[in-house]
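# Report on the structure
What follows is each chain in one-letter form.
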Amino acid sequence: MLHSEPIAALATAPGIGAIAVIRVSGDDAIAITNRFFRGKDLTQQPSHTAHFGTLRNSDDTIIDEVLATVFRAPRSFTKEDVVEISCHGSEFIVRQILQRLVAEGVRLARPGEFTQRAFLNGQFDLVQAEAVADLIASDSDASHRAALTQLRGGFSKQLIDLRQQLIDFVALVELELDFGEEDVEFAHRDQLRQLMLSIRRVLHPLIESFAAGNVIKNGVATVIVGKPNAGKSTLLNALLNEEKAIVSDIPGTTRDVIEDELFIDGIRFRLIDTAGLRSATDKIEAIGIERTQQKMRDAALVIYLFDAALISADEWQTALTEVRESGKPYLLVGNKVDALDDAKQRQLTTIADEEIHWISAAQQTNLDALRAALSDRVRTDAAVQIGSAVVTNVRHHDHLTGTDNALARALAGLDAGVTPDWLAMDLRVALQHLGELTGQITTDDLLDSIFSKFCIGK
Ligand SMILES: Nc1nc2c(ncn2[C@@H]2O[C@H](COP(=O)(O)OP(=O)(O)OP(=O)(O)O)[C@@H](O)[C@H]2O)c(=O)[nH]1
Ligand SMILES: [Mg+2]
């Protein structure tokens, strides 16, 4: 192991809590902590043991009673010597301990520095390191599972292996270059083609999973649109269980975009209430409607809500055409069934010739069925097969596509019988992308930009 200066940071969330954990990692982490720890001699303790004792100020007064857990290199998160100090969760105590550590020559850690060291010491690859940040940030069942799959190796193990096979081929192709005119082939072209095809077979589902991955990470942007007074704000409030938006019988009540989060079956929806669509009566409403149209363009899913009691057959026909032409995935939701007779309901269904979800937002009728329909809509999206590897990270997506494009060029080159130097060039580009993806090729800038997004202490 290379020399590594000892670093320390609060590993738990800042603020007051029952306990706080301070992590110290690096050369002499154990010996340094031991200098102001009274209890057993920590330097003599085996790895993965916890010891009760007190931490002392320089004048030997007690800072706190603590539990010090010793991890010895390489059996720790960073693969360095680590002490985790569990103290009482007071900001004052934490500050005192950190000051004491600094006085003993420990540096305060930068954001993500523990994980960066873990990565540099080979604890995991870059995709896994990034999954640590995602795991901490995960706040839904789906985002948690996606991060956990990646942390446990996910797609990167497979790609590292395929990259190695590709490297072997590139070496052979480049050997051919040395023979210049002599027209030799060390790299078996059919095998090379098979390898490239199998790499692309691994890449494609990952690239395609990005849309779903984005949904997992950022939520499904679900916009409720419809005519004024359809009951959009009433529906938003009912789904959120909160009087978030103003409801009134005055058409044009909602003039701005109102947004909140909703979890259904572990999926995060960003539910967006908008200004009703009609020809605006004033300037503010016009701006509101413009925003509605923008939200609709950005939406992943549209809830088209209509007042089933009021709408005429003609209006319904026009509305259907508009929703279908928007090209967005949508759910047709007929509101105010409490004020509706069966004949009208049948008529509207016949005209639409597709499923309509009938609800009463005001009386909260059939809302469970609507929730289920929303969740089904996202789940049937094939890529959200939760549990399989899902790409949630833009950086990963860019490198996966970069690799795929380079391999497509190389394959086309093979078919056209290009010279080995052309082939080698495309293969090198593919290797570069794969290497940067998994972190086998890194630059300081790349690492800084990735790890600086972590929180301190991680
Ligand atoms: N009978 C009945 N009335 C409803 C129902 N849902 C909403 N309303 C009423 O319809 C009127 C309009 O409701 P809102 O939720 O403000 O409608 P909106 O679509 O947000 O309207 P704008 O913001 O003006 O576009 C209010 O008087 C609601 O009480 C329902 O299920 N049944
Ligand atoms: Mg409204």
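Just so we're clear, the structure is a prediction, and the values are computed from it rather than from any experiment.

## Things to note about the UniProt feature "domain: TrmE-type G" (unreviewed entry) in the protein chain
- UniProt feature "domain: TrmE-type G" (unreviewed entry): in the numbering of this structure it lies at residues 219–379.
- Span residues 219–379 is 39% helix and 22% strand, its end C-alpha atoms 13 Å apart.

## Description of the site of ligand 1
- Around ligand 1, 23 residues are found, and the nearest of them are Lys 232, Thr 234, Gly 252, Thr 253 and Thr 254.
- Asn 229 is positioned such that a nitrogen or oxygen atom in its backbone is 2.9 Å from an oxygen atom of ligand 1.
- Between a nitrogen atom of ligand 1 and a side-chain N or O atom of Asp 338, the distance comes to 2.8 Å.
- Taken by itself ligand 1 offers 650 Å² of open surface, and the protein chains cover 86% of this.
- No other element matches the 3 residues that helix 8 (residues 232–240) contributes to the shell around ligand 1.
- Looking at the shell around ligand 1, its residues break down into 7 nonpolar, 11 polar and 5 charged.

## Some details on the sheet that holds strand 1 (residues 7–10)
- Ordered by their spatial adjacency, 7 strands build an open sheet running 3-4-5-6-2-1-7, and the pairing between neighbours is mixed. Across the chains shown, the open sheet's two edge strands, defined by having one partner strand only, are strand 3 (37–38) and strand 7 (107–108).
- Here strand 1 pairs with strand 7 via 2 bridges, running parallel. When the bridges of strand 7 are listed, Ile 7 appears paired with Arg 107.

## Overview of the domain arrangement of the protein chain
- For the protein chain, the domain assignment lists domain 1 (7–123), domain 2 (132–213 + 393–439) and domain 3 (219–382).
- Taking the mean C-alpha position of each, domain 2 and domain 3 sit 43 Å from one another.

## Here's the deal with the coordination of the magnesium ion (ligand 2)
- Within the first shell, the magnesium ion (ligand 2) binds the protein through Ser 233 (OG) and Thr 254 (OG1), at distances of 2.0 to 2.1 Å. Taken together, the positions of Ser 233 in helix 8 and Thr 254 in the loop between helix 8 and strand 9 (258–264) put the pair 21 residues apart, joining distant regions of the chain.
- The class of Ser 233 is buried, set by a relative accessible area of 8%.
- On the basis of relative accessible area, Thr 254 is assigned to the buried category, the value being 11%.

## Quick word on the nonpolar core
- The biggest cluster of nonpolar side chains holds 32 residues, and the ones touching the most others in it are Leu 159, Leu 166, Leu 192, Met 196, Leu 400, Leu 407 and Leu 427.
- Those elements giving two or more residues to this core turn out to be helix 6 (156–178), helix 7 (189–218), helix 13 (394–416) and helix 14 (420–438).
- A total of 9 residues in this core trace back to one element, the largest contributor, which is helix 7.
- Apart from the residues lying within four places of it in its own chain, the contact partners of Leu 159 are Val 202, Leu 203, Leu 206, Leu 400, Leu 434 and Leu 437.
- Listed in part, the 28 residues of the second largest apolar core include Leu 235, Leu 331, Ile 359 and Leu 370.

## Focus: the packing of aromatic side chains
- Under the defined criterion, the tally for this structure stands at 6 aromatic pairs.
- Here Phe 77 and Phe 124 contribute two aromatic rings whose centre-to-centre distance is 6.0 Å and whose plane-to-plane angle is 65 degrees, an arrangement assigned as edge-to-face. Within this pair, whereas Phe 77 is found in the loop between strand 5 (62–71) and strand 6 (82–89), its partner Phe 124 is found in the loop between helix 3 (113–120) and helix 4 (126–137), the two being separated by 47 residues in sequence.
- Ring centres of Phe 119 and Phe 451 lie 6.3 Å apart, and the angle between their planes is 35 degrees; this geometry places the pair in the tilted category. Within this pair, whereas Phe 119 is found in helix 3, its partner Phe 451 is found in helix 15 (residues 444–451), the two being separated by 332 residues in sequence.
- On the basis of relative accessible area, Phe 119 is assigned to the buried category, the value being 8%.
- Among the residues examined, Phe 451 registers a relative accessible area of 1% and is labelled buried.
- Three or more aromatic residues joined by ring pairs form one cluster here, namely Tyr 304, Phe 306, Trp 316 and Trp 358.
- Over the ring of Phe 114 we find Arg 23; its NZ or CZ atom is 5.2 Å from the centre of that ring.
- We note Lys 458 situated over the ring of Phe 77; from NZ or CZ to the ring centre the distance is 4.8 Å.

Definitions and limits used
Residue numbers here run from 1 along each chain, matching the order of that chain's written sequence. Chain letters and ligand numbers both follow the written order, the letters beginning at A and the numbers at 1. At least 70 in pLDDT is required for a residue's local features to be given in this predicted model, at least 80 for side-chain atom pairs to be given and counted, and no such filter applies to totals for whole chains, interfaces and linings, which use all residues. With hydrogens and water excluded, all non-hydrogen atoms of the structure serve as input to the side-chain values. UniProt positions are given in the numbering used here, feature names are shortened, and annotations may be inferred rather than shown by experiment. Only DSSP runs of H or I reaching four residues or more are called helices, and only runs of E reaching two or more are called strands; each is numbered from the N terminus. Here a residue is near a molecule or strand as soon as one of its heavy atoms is found within 4 Å of it. Counting of polar contacts relies on pairs of N or O atoms within 3.5 Å, with two restrictions inside protein: one atom must be capable of donating a hydrogen and the other of accepting it, and residues adjacent in sequence are counted only when both atoms are side-chain atoms. Computed with the Shrake-Rupley method and a 1.4 Å probe, the accessible areas treat only the protein chains shown as cover for residues. Throughout this entry, Asp, Glu, Lys and Arg are counted as charged residues, while Ala, Val, Leu, Ile, Met, Phe, Trp, Tyr, Cys and Pro are counted as nonpolar. The remaining residues, Gly among them, count as polar. Pairing between two strands requires that DSSP report at least two bridges joining them. Note: domain ranges come from an automatic or database domain assignment. In this listing, donors mean N, O and S atoms no farther than 2.8 Å from the metal, or 3.2 Å for Na, K and Ca; water is missing from the atoms, so a site can look incomplete. Relative accessibility under 20% of the residue-type maximum defines a buried residue, over 50% an exposed one, and the middle range a partly exposed one, all with a 1.4 Å probe and only protein chains included. As used here, the term nonpolar core means buried Ala, Val, Leu, Ile, Met, Phe, Trp, Tyr and Cys residues forming a set that is joined through side-chain atoms within 4.5 Å. Here, two residues are considered to be in contact whenever any of their heavy atoms come within 4.5 Å of each other. Centre distance within 6.5 Å is the pairing criterion for rings of Phe, Tyr and Trp, where only the six-membered ring of Trp is used; planes under 30 degrees apart are then read as stacked, over 60 as edge-to-face, and the remainder as tilted. Lysine NZ or arginine CZ positioned within 6 Å of the ring centre and within 35 degrees of the ring normal marks a charge as sitting over the ring.

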